[in-house]
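Each chain, written out:
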Amino acid sequence: MKLGVVMDPISSINFKKDSTLSILLEGQARGHEIYYMEPTSLFLRESGAYALTHILKVKDDPDGWFELSGLKETKLSDLEVIIMRQDPPFSSNYIYNTYVLESAEKDGVSIVNKPSSLRDCNEKVFVTEFPQCCTPLLITSENSLLKDFVKEHVDTVVKPLDGMGGYSIFRVRDSDPNINVIFENITKKSSTKVMIQKYIPEIIDGDKRVLLVNGVAMGAAIARIPSEGELRGNLAVGAKAVARSLTSRDEWICNQVGPRLKELGLTLVGLDIIGDYLTEINVTSPTCFKEYKNLCDIDVASAFLDHLEKKLSS
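Scope of this entry: the structure provided in the associated data block. (Residues numbered from 1 in each chain as written. Predicted model: local features only at pLDDT ≥ 70, side-chain atom pairs only at ≥ 80, totals over all residues. Heavy atoms only, no water.)

## Regarding the overall build of the protein chain
Within the protein chain one finds 8 helices and 18 strands. In summary, the protein chain has a C-alpha radius of gyration of 20 Å against a globular reference of 20 Å for 314 residues, a match within 12%. Expressed as a percentage of its 314 residues, the buried residues of the protein chain come to 53%. Counted over contacts in the protein chain with a minimum sequence separation of 6, partners at least 24 positions apart contribute 67%. Of the roughly 14,200 Å² of accessible surface on the protein chain, a fraction of 48% belongs to carbon and sulfur atoms. (Helix = DSSP H or I, 4+ residues; strand = E, 2+ residues; numbered from the N terminus. Rg over C-alpha atoms; globule rule 2.2 N^0.38 Å. Buried < 20%, exposed > 50% of the residue type's maximum accessible area, 1.4 Å probe, protein only. Contact = heavy atoms within 4.5 Å. Areas by Shrake-Rupley, 256 points an atom, 1.4 Å probe, with all protein chains shown as cover.)

Following this line, the structure appears as C-alpha cells:
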C-alpha cells in the first residue's frame, strides 16, 4: 500500500528508541511505499488535502537510518493510509494539521489515529472519562482550587495539559514553601489550566506503559523506573525501562478503556499506569516499541501493521 507518515524531522530522531522508525522499518519490510511528510508540509487547496512529500527508504543502521527522494506535491487521497506521529506540544498548528488530515479522511484515506479524536482526546483530560480507574484529580487554572486540593490530599503532582516527556511536572506537598510560585508559573498566573493528581507512592516501582492496538493490550507492560532523586518515570529524563507482567488491575483498566478507544478510532494508544491507577492516555505518538521488542519479545510494530493491512483488505 501507499503508506504516508507525518512526523517531526527524521534526521533528529533518537535512533535507539524511536517507535516511528520501528513502524516504518516494518512497513518497508512488507513492501509498502512510504511517503514522508513533516508537519509543516501539509496544506489545503479548494480541491482537497495535499502535502509536500518525499519517498522514504529506512535502514536499521545507527550511522544512517534514512534516505529521501526529491520533494514533490502529493494529493493525500492518492495514499491509502496516513499515520499521524507528530509529537506534542499540542499547539494550534497541530490542530490545523488534523483539519488537513480530516479532509483526506473524507476522501477515503485511513488516518491513524483518527484526526477528530486526536483533537478531542487530550492525553491528560481524557482519563476523566474513566473515573473508576483514576486517583483523585483536578483540572483547573484557579490557584485557590489547586491549593485546596493540596490541603486535602497533602502530597500531589501537578503538570501541564499539553506537555510530554516529563516536562514541567512538579511534586507539591502542603508544607511546600514554594507552592504559590509553582502554581503561579505553571498556570501562567491562573490563565492556563493544568492537572493536579494525588501523589501515587508506587511510582518508585515504575510508571507502566501499556500499548494497545485497536483497543487490545499487548501482553506485557514496560515499567519506567525513575532514576535516583527523580519523581518522573519518563525515559526522556533518565528512567530505566524494565519488563512487567500485566496485573489483574492493569488488565481491568485496559478492558475499561479499550472499547472506547476502538469506538473513537484511536488505533494506537499508550496507557500510563502507576500502581493501580490510570494517569494518562497517550494518543499522539505513543512510544516504547523498541523496549517491548527488546525486553518482552513483543513486536508492536508488526501487530500494528497487521491491523492496518486487515482493515484495508476488509
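Read on, since the account is not over.
## Some details on the nonpolar core
Among the nonpolar cores identified, the biggest contains 66 residues, and L76, I82, L271, L278, I281 and Y292 are the most heavily contacted of them. Here this core gets 5 residues from one element, more than from any other, and that element is helix α8 (residues 300-313). Not counting the four nearest positions on each side in its chain, I281 is found in contact with E123, F126, V127, F130, V257, L261, V269, G270 and L271. Formed by 12 residues, the second largest nonpolar core is a distinct cluster that contains L21, L24, Y36 and L56. (Core = buried A, V, L, I, M, F, W, Y, C linked by side-chain atoms within 4.5 Å.)

## A short note on helix α6 (residues 248-263)
The terminal C-alpha atoms of α6, which comprises 16 residues, lie 23 Å apart, in line with the 22 Å expected from a rise of 1.5 Å per residue. Along its length, α6 reaches its greatest deviation from straightness, about 30°, at V257, and the proline P259 lies no more than four positions downstream. Buried within α6 we find D250, I253, C254, V257, G258 and L261. Phi turns positive one or two residues past the end of α6, at G265, with a value near 75°. (Expected span 1.5 Å × (residues − 1). Bend = angle between axes of the 7 residues up to and from the residue.)

## Side note on the packing of helix α4 (residues 143-153) against helix α5 (residues 179-186)
Two elements in contact, α4 and α5, have axes separated by 10 Å at closest approach and are oriented at 130°. Here α5 runs oblique to α4, going by the angle between their axes. Considering the relative orientation of α4 and α5, their crossing is right-handed. Residues N143, L146, K147 and V150 of α4 form the contact with α5, whose own contacting residues are I179, N180, F183 and E184. Looking at side-chain class alone, the contact of α4 with α5 contains 4 nonpolar, 2 polar and 2 charged residues. (Axes fitted to C-alpha atoms, helices over the stretch in contact; angles between N-to-C directions. Parallel < 35°, antiparallel > 145°, perpendicular 65-115°, else oblique. Left-handed = near helix turned anticlockwise from the far one by under 90°. Nonpolar A, V, L, I, M, F, W, Y, C, P; charged D, E, K, R; others polar.)

## Concerning the packing of aromatic side chains
All chains considered together, the criterion is met by 5 aromatic pairs. On the basis of an interplanar angle of 50° and a centroid distance of 6.3 Å, the ring pair of W65 and F66 is categorised as tilted. Look at Y96 and Y99: their rings are 6.5 Å apart centre to centre, the planes differ by 35°, and that puts the pair in the tilted class. With Y96 and Y99 both in helix α2 (residues 92-106), this residue pair falls 3 residues apart, about one helical turn. Under the relative-accessibility criterion, Y99 is labelled partly exposed at 41%. (Phe/Tyr/Trp six-rings, centres within 6.5 Å; stacked < 30°, edge-to-face > 60°.)

## Quick look at unusual backbone geometry
Across the junction of V112 and N113, the peptide omega takes the value 0°, indicating a cis bond. Residue placement: N113 occurs in the loop between β8 (110-112) and α3 (115-120). The phi dihedral of K188 falls on the positive side, at around 50°, and the residue is not glycine. In this structure, K188 sits in the loop between α5 and β12 (194-198). The backbone phi angle of D297 is positive, close to 55°, even though this residue is not glycine. You can see D297 is positioned in the loop between α7 (289-296) and α8.

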